[in-house]
Amino acid sequence: MSSVATLSAPAPAGTPLTKKILTADHPTWCPGCGDFAVLHSFYRVLEKLQYPHEKIVTFAGIGCSSRFPYFVNTHGGHYIHGRALPFAAGISLGNEDLHVFVFGGDGDGFSIGGNHLVHTARKNVRLTYVIMDNSVYGLTKKQTSPTSPIGFKTKTDPAGAIDQPINPMRTLLNSGATFVARSHATQVNHMIDVMLRAAKHDGFSVVEILSECVEFYEGAFDASIPRKGGTWTLVDEKKHDGTPEDANRHDTSDEVAAFKLAQQAWPGSFGVFYENKARKTKNALEAELVTKAREKTKQATDLALLQATFARMR
Amino acid sequence: MSSVATLSAPAPAGTPLTKKILTADHPTWCPGCGDFAVLHSFYRVLEKLQYPHEKIVTFAGIGCSSRFPYFVNTHGGHYIHGRALPFAAGISLGNEDLHVFVFGGDGDGFSIGGNHLVHTARKNVRLTYVIMDNSVYGLTKKQTSPTSPIGFKTKTDPAGAIDQPINPMRTLLNSGATFVARSHATQVNHMIDVMLRAAKHDGFSVVEILSECVEFYEGAFDASIPRKGGTWTLVDEKKHDGTPEDANRHDTSDEVAAFKLAQQAWPGSFGVFYENKARKTKNALEAELVTKAREKTKQATDLALLQATFARMR
Amino acid sequence: MVSPNTPETPGGASSVSGAPRSIHDVVIRLAGNSQDGIQSVGGFLARLAGRSDQDIMTYMTIPSTISGGPSIFQVRMGTGDILSAGDRADMLVAFYQHSYDAHISSLRPGGVLVYDSDHVKPAEGDNRFTHVAIPITTGTVEAVGGTSKDKGKNIYTLGFIARIFDLDVQKLAALIKERFGGKNEDIVRNAMLAFDAGYAWPQNNLRDLFFRFEAVDRAATSGRPQVTMDGNTALAFGLLAAGLRHGAGYPITPWSSIMETLRAELPKYGGLFVQCEDEIAAISTALGFSYTGKLAVTGSAGPGLSLKMEALGWATMAEMPLIVVNVQRGGPSTGMPTNVEQSDLMQAIYGSHGDTPRVVLAPKNVEDCFYIAIEACRIAREYSTPVLILTDMALASRIEAFDEPDFPKLMVDPKPDLSPRGADYKPYPLDAITRHAPPGAKIGSGKYPTVTGLEHDELGHPTGSPKLHMQMTAKRREKIKTLATTLPAPELNGDDAGNVLLVTWGSTWGPGLEALKRINGLGLKAGHLHLRHLHPFPEGLEAIFKNYRRIMVIEINDEGLYGYGQLAMMLRARYANPAIVSITKTDGLTFKVSEIVAGIDRYLEKADLSAALAATAQSSLAKS
Amino acid sequence: MVSPNTPETPGGASSVSGAPRSIHDVVIRLAGNSQDGIQSVGGFLARLAGRSDQDIMTYMTIPSTISGGPSIFQVRMGTGDILSAGDRADMLVAFYQHSYDAHISSLRPGGVLVYDSDHVKPAEGDNRFTHVAIPITTGTVEAVGGTSKDKGKNIYTLGFIARIFDLDVQKLAALIKERFGGKNEDIVRNAMLAFDAGYAWPQNNLRDLFFRFEAVDRAATSGRPQVTMDGNTALAFGLLAAGLRHGAGYPITPWSSIMETLRAELPKYGGLFVQCEDEIAAISTALGFSYTGKLAVTGSAGPGLSLKMEALGWATMAEMPLIVVNVQRGGPSTGMPTNVEQSDLMQAIYGSHGDTPRVVLAPKNVEDCFYIAIEACRIAREYSTPVLILTDMALASRIEAFDEPDFPKLMVDPKPDLSPRGADYKPYPLDAITRHAPPGAKIGSGKYPTVTGLEHDELGHPTGSPKLHMQMTAKRREKIKTLATTLPAPELNGDDAGNVLLVTWGSTWGPGLEALKRINGLGLKAGHLHLRHLHPFPEGLEAIFKNYRRIMVIEINDEGLYGYGQLAMMLRARYANPAIVSITKTDGLTFKVSEIVAGIDRYLEKADLSAALAATAQSSLAKS
Ligand SMILES: Cc1ncc(C[n+]2csc(CCOP(=O)(O)OP(=O)(O)O)c2C)c(N)n1
Ligand SMILES: Cc1ncc(C[n+]2csc(CCOP(=O)(O)OP(=O)(O)O)c2C)c(N)n1
Ligand code: SF4
Ligand code: SF4
Ligand SMILES: [Mg+2]
Ligand SMILES: [Mg+2]
């Protein structure tokens, strides 16, 4: 089954994948929803990657953002709330040739799905996970989410949220993910860049995208939108060019440095916080188990294996 | 219901709480199990605290370690696997006068229960949580746990564990807990100290205790047992005595410093990693909501409130 | 204009004099977009009806798109009992062409079509209906100025509806002022301008469209004024009246509004409601509350209920009281989140592993959502057991008017019993119903109790004893059987013997009862039995069943592998009575009376109808 | 010495000559502590029996303490079919006083008590049994030296048992060498020393205790050699034979050993098994595997199954094939983790919200664990549906011998179908059974499919259409009904008409069939029907039922609120037949034949027995 991990090559010469081909149902999102821009950027990413059409999988849990797969014309699906990651792990480990993308919201990923994020990430299952964080429950019409700031008035916190929210970037770094980045739905090129790097990463890659819910949390992310008076700060990555100024740049392999980025005051910085190219994927580790076992049994056929085992139980 | 948060005073003069009174069923643990020492230390902690007997609650999930409540003669119980924290949150928020202690294992707390840990902790629900980490599933007889080191042979990893384990201290720090400490079942006095401080902390306090499973993971923690050639390193806490050497001591209010402690090489240090005395408990925040609401309604009776509400719906 | 739903009403002849024609009840469907605020028109009419001692029921659809879009609000108001939202509309108000296209089929022949002549062009020469063209958009603009027109259209509409049905303008004006009172003066003024313009319009145009509801005295009623609200609101306040002060939940449609109401209301009562990270945490926190002696509620819809099955089993084993609300929607899985279904009954009873006897109740209408909540709390406390309330999407969202409850009589004092327990105290006595001693209560023996999900002895300590497992299993079963003996006899309507007994549960009560009237009207000897207590069943059903040739169980779920629905399955198993058959459907909509009648018809044989009636009955049954 | 379980056996008279007495089968109970390794004695005897073409069944208890403690291992071996572990023991070997005290009551009058005279003092002058004192401890120490005595005691015991029952010493020695082969030479030598000492002992002491099993030819059998294993092992290898190569799970007793076997074996077959963070992640990962076209397994015991209910509902809605194993244990909640129960049937069928038709199978014995796994995989693939296998604690842990399967005939090739699909491909066609196109498969139309838990159209896109919800609900139901028409007729034993039909499922097959033989032997006209397919039921049951006056359903679960067990509930609902009654129990132990017979007796009236038999039958039924 699981052959040793390799990202499959671009499609053979033939009709290239275009946005047109990749477009499915018309999105049911509210006009102005940030998720439109994420969808557009994803089309662009797939255009650049040119994977074989049939080997792309787009999966999601439940939420406005999780409706994503209906709008992308690839193999894919819509699972139950908060559990898309373990399902996607099965896809990734079940067939090495696939390129697996998971989309979801802050409630789906950090509330009900919080534990699956940690365990799928620490195992470094090869897939790319994009969280569209609007700091609210959109589909269920405005309840507090784990990223809603204190004081935000919702239907479940009419007097304003009182529980300390999670720090999403810190949570993602702690999860054990080997690629962790942050972007913004108003910055299409930036989204395309980081999603592209995430897709090319050989391991569990996750991108948190601030994506405004115009219906229930207008202006949530203005602080990071220049044309709304906000500040847009990019992570200044090391160029490894030996220059003195490079010394102060961010080393994406430095966990403590990444942790400090996550601790910055709102709205913080955007870009790649952390990247670990060394750790083996679970895909590779399981493939090694198979290789070792098959060597031990001298590549015996399934039939021979079963008969030998039963002979020992006579 | 919920009056403003206060830890209730020691029991009025009368029969003091003794180990004898606090002892219930004889533990069903294997002879030599580390959990015996944790139990013994807990008796001592309760002896020191002298809370009113009937106001102490001992709860747990499922596991060898989670059998704890059967061995402590207080109100308490044994819930389902991995969900003791949200249950305990209900106890703590349901009755302000109680002192709530939760015990459990690494599988119960970090595997199936991992998400409840994060959300109960970030809300800062007032209770004390003790994790008896033996880096294995004991009750179910030796499967890999989220803290089992790579290479450890178990029934589910006969060739040795391959998945990267979680870093428990880093996980606890990231959870948002306002008191995070680490101890060792072979260090009774140390356990008593940190559990005592945890119990007195006004918020969500958690203590991770390395507690050896002699049956399925013998010698797991020898690296931190001097008489077995290990090293026992204490966290050197700031004394705030203005001395120069104090500058280099650990400031328990410094998250980055705590993070670095968690990143130390095995076996690392023991003691209090982090403490946040400023953050309000959810108990207090909910109590404030009640106070504000009752003021708005001028302390109206339940009957008056309901009648007024329905009058508006005529 | 007489509703087809009440054939017996004497319809007055059309009058040119402009004197109103007397009607019994009317079904008005407003079709537009959810942004148009047509719901609020329905809301106003509903509350007016309430204040006018009229009965009312509303029905609406929620657009499946997140961004709003086409939506309807249907209101049926009138005098006497309103049992269903009405099969077809007597009047359709169409705001857009798409509204007209999608809903004209719901208008009964002879009904009135009112349309916004600024947007809608009805089919040429369609003379099945009375066409009334009103320039709703321009009319509103003229009245209040271009700015806030979209806000005004609904109120303008309310205006001409008030005129056409001769509604009480003073009361309506008062309602409008109350509604917009909080906001600034202009808004109220604009609203009144729009209302007056709409009210003024018909005078000069539809003299012959002028109706008045028959007066009926409500002597029969409590005399207390009526209140109007939806089922979720009624259920939430029922819990408050029952002294419930704690809860925990996770959002999901259509449960969310219950938790939102409780989250907003509980602090006023000194309680609290916790939004948890998921449904498992929610039921766990709620059980923690109950453990401290404060009966708590959790709830959800199907997917969330499925997640609660393990913890719910613990509640049965530990004998912990708990209220669990399931607002049923279309299943399975995520299914049809904004549609109605009654397909969670088997799970409510049998969804947890092992033998887990528990109590399941279902409200029959909006008012009953309030009272069943109170009963659920009483049972949970008395029998120290989890109680599930199975309501549904239809009850959750529709508005009805009912008599204000007699609160002084109803109120329950929520104090937990923290008094010291005697030396002989046991949490799980074999010879009595469990009465937990919450933490905080001193235990005379000095031996403190343990609550647990492991099989246990009387003190709550784990046991492997076969004998104890047998005894404790029986203890958990017998207390529920004891409850059964205390349940009131179920509601039985119509003939107490005959060819057909209709059996309903939950929101099918209304259509079921209306269907009974219809078939009784056709001369068929039939009764209608409604079950509010689904597990355990009340006693004495067997005696009732034997008086009818066929027992037809009506429920909104699938016929299953063997041809019967979920309640039918329970009844067939218990009474092993082949006369119990099913009328089911799975279109995600509430039962129309005509669908039930057609369902009955399928089972009837000539022999079921007296020679005399056979012809008429058969045919009209088939037609209706 | 004749087992009370087989009254018809001709018992040879005692002989002083030392010539062995012929016996049919024997029940030996070894009582000690789990540390003594008595399980391995049982293991050796089991495998010896297997290799000697004898039938065998073992039974053991697991101590509830974590640290080990009192434990028993019971083995019943003999010639011909062994259907149950035996009601009472013919021989008891007591290692300690507590073993003697706790288990002497399980020894039948006239049975043989062997006790370690170093530890046990039997009751004075108790002449119900043949007392045999053997200094097991000192005997072992003398043989192998003080060091490893605890290791030796069990092998020493094996020795004298081999002598007493004239077992094949060569084969036993071979088994011992195989077992300890891996370890160093001393261990093997010590083991053989202990064995020889035990074997030598009786010669000089119990000339009159010398038995030999009747020879019977197994012509009837396949001729393939026998294998011996427990039910969980058989089930795991059944899945492998069926070409299943992927799985995911979370540990729980008694499911764990299945996932442990698969985790160890699958890599050899190019597959993998993932240990997940919880049961929800486990079923999700398994569904992810299935989605890629690789049928996968997940499993658990009760608490874990309860957690899988939401995802299982998704599997029905998305029509995703999946194998779900539930090794039933004592419930509810954490219940009695090391006891047996059959109380998860209703949950298996109805545990998820909404209408979620799915397939439920149950194996009847250890051998069937292997074959039902193969059948489950075939059904899951053919009908694109989740299939639940309900096995239980008794089958999971007991060892039986059965004919090695005919692998070349059985093996299934696991390759997924990644071939391009035509332009007309639809994931959810209304007119055909769903055949998913796994990712990797090109779709001719260029429109790629979506799998979803929302109600959907034929292409998998969400819909709010009432019509489609009706059609898709029917699609999901009808395919399971189609399966029902293909199921083989169930196993029917005994009289094909009469007073009583015993109905069993799962592990009650053996005791049920043995009970049938008992009551037939007493002259009662009765049959025995065993159901392996619990949902859907095979067709034609009604025709069978009508041939018996009473249908008695035997299951290890509670009688419930209305007096019948879970399978009985399903059958009563479907056939509305009041003759269907229940024989249930909840002591967490497998049924004893005598318990079933007593249960039957409770329902019998004089009229059920011919005048002639009445007396005998009645009384002996009551007594047995
Ligand atoms: C088990 C379960 N619980 C709850 C829900 C209801 N639900 C659907 S989406 C959602 C959260 C949506 O928030 P988020 O994940 O942030 O997505 P968004 O809509 O904001 O994009 C919830 C609670 C569900 N479908 N299933
Ligand atoms: C829902 C559920 N899943 C699985 C189990 C089986 N189980 C009981 S304890 C346990 C894990 C024990 O490990 P840990 O929490 O580390 O406690 P320990 O025994 O090591 O002290 C498991 C998997 C269960 N009881 N319930
Ligand atoms: S509700 Fe919010 S998140 Fe959902 S589609 Fe509308 S704008 Fe987007
Ligand atoms: S199995 Fe391990 S953890 Fe459990 S009681 Fe024994 S030693 Fe302790
Ligand atoms: Mg969101
Ligand atoms: Mg552990």
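All of these numbers come straight from a predicted model, not from anything done at the bench. The numbers attached to residues start from 1 for each chain and follow its sequence in the written order. Think of it this way: whatever chain is written first is A, whatever ligand is written first is 1, and the rest follow in order. At least 70 in pLDDT is required for a residue's local features to be given in this predicted model, at least 80 for side-chain atom pairs to be given and counted, and no such filter applies to totals for whole chains, interfaces and linings, which use all residues. Computation of side-chain values covers all heavy atoms of the structure but excludes hydrogens and water.

## A few points about the coordination of the magnesium ion (ligand 5)
Residues and elements named next belong to chain A.
Step number 1: Around the magnesium ion (ligand 5), the protein contributes the donor atoms Asp106 (OD), Asn134 (OD1) and Val136 (O), at 2.0 to 2.2 Å from the metal centre.
Step number 2: Note that water is not among the atoms used; donors are N, O and S atoms within 2.8 Å of the metal (3.2 Å for Na, K and Ca), so sites may look incomplete. Donor residues binding the magnesium ion (ligand 5) come from one chain and are separated in sequence as D-x27-N-x1-V. With Asp106 in helix H4 (residues 106-111) and Val136 in the loop between strand S4 (127-133) and helix H6 (168-175), the pair connects residues that are 30 residues apart, well separated along the chain. Across the pair, Val136 and Asp106 agree in class, each one buried. Counting from the N terminus, the helices are the DSSP runs of H or I reaching at least four residues and the strands are the DSSP runs of E reaching at least two. Partly exposed residues are those whose accessible area sits between 20% and 50% of the maximum for their type, while under 20% is buried and over 50% is exposed, using a 1.4 Å probe and protein chains only.

## Some words on the pattern of salt bridges
Step number 1: The term salt bridge refers to a pairing of a side-chain nitrogen on Lys or Arg with a carboxyl oxygen on Asp or Glu at a separation within 4 Å. All told, the structure shown has 92 salt bridges over all chains when counted by the stated rule.
Step number 2: Between Glu275 of chain B and Lys277 of chain B there is a salt bridge whose closest N-O contact spans 3.8 Å.
Step number 3: Judged by relative accessible area, Glu275 of chain B falls into the buried class, the value being 13%.
Step number 4: Among the residues examined, Lys277 of chain B registers a relative accessible area of 70% and is labelled exposed.
Step number 5: If you follow the salt bridges from partner to partner, you end up with Asp157 and Asp163 of chain A, Lys282 and Glu286 of chain B together with Arg263 of chain C in one network.

## Some words on the pairing of strand S5 (residues 89-94) of chain D
Residues and elements named next belong to chain D.
Step number 1: Here S5 lies mainly inside the structure; six of its six residues are buried.
Step number 2: For two strands to be treated as a pair, DSSP must find no fewer than two bridges joining them. Bridging between strand S2 (residues 25-33) and S5 involves four bridges; their strand directions are parallel. Looking across to S5, one finds that Ala31 is bridged to Ala94.
Step number 3: Inspection of the sheet shows S5 paired to strand S6 (residues 107-116) by five bridges, in the parallel sense. Within the sheet, the bridge partner assigned to Leu92 lies in S6 and is Leu113.

## Section: the relation of the copies chain D and chain C
Step number 1: Here the copies are superposed with least squares, the fitted atoms being C-alpha atoms of residues at a pLDDT of at least 70 in both. For the pair chain D and chain C, the relating rotation is 180 degrees, the translation along its axis is 0.1 Å, and the fit reaches an RMSD of 0.1 Å. A rotation of that kind, with that shift, is consistent with a two-fold axis.
Step number 2: Same-surface contact between copies: 100% of interface residues of chain D are shared with the interface of chain C. Contacts are residue-level and defined by heavy atoms, with any inter-residue pair within 4.5 Å sufficient.

## Overview of the interface of chain D and chain C
Step number 1: Counting residues at the interface gives 68 residues for chain D and 68 residues for chain C.
Step number 2: Counting the surface lost from both chain D and chain C, the interface buries some 5,800 Å², and carbon and sulfur atoms represent 62% of this.
Step number 3: Throughout, the accessible surface (probe 1.4 Å) given up by two parts as they are put together, summed over both, is called the buried area. On the chain D side of the contact with chain C, His353, Leu561 and Tyr562 of chain D bury the most area, a combined 13% of that side's loss.
Step number 4: Where chain D touches chain C, the interface holds four salt bridges.
Step number 5: As a salt-bridge pair, Asp558 of chain C and Arg477 of chain D come within 2.5 Å of each other at their nearest N and O atoms.
Step number 6: The definition of a polar contact used here is a pair of N or O atoms within 3.5 Å, where within protein one atom must be able to donate a hydrogen and the other to accept one, and adjacent residues in sequence count solely through side-chain atom pairs. Viewed at the interface, chain C and chain D are joined by 34 residue pairs in polar contact (both at pLDDT 80 or more).

## Here's the deal with the side chain of Lys153 of chain D
All names here are of chain D.
Step number 1: Within the secondary structure, Lys153 sits in helix H4 (residues 149-164).
Step number 2: By the counting rule applied here, Lys and Arg register as positive and Asp and Glu as negative, while His and the ends of each chain are not counted. The charged side chain of Lys153 is buried without a salt bridge, its nearest counter-charge being Asp36 at 4.1 Å.
Step number 3: If near-sequence neighbours (up to four positions away) are discounted, Lys153 is found in contact with Asp36, Phe95, Tyr96, Asp116, His119, Ile136, Thr137 and Thr140.

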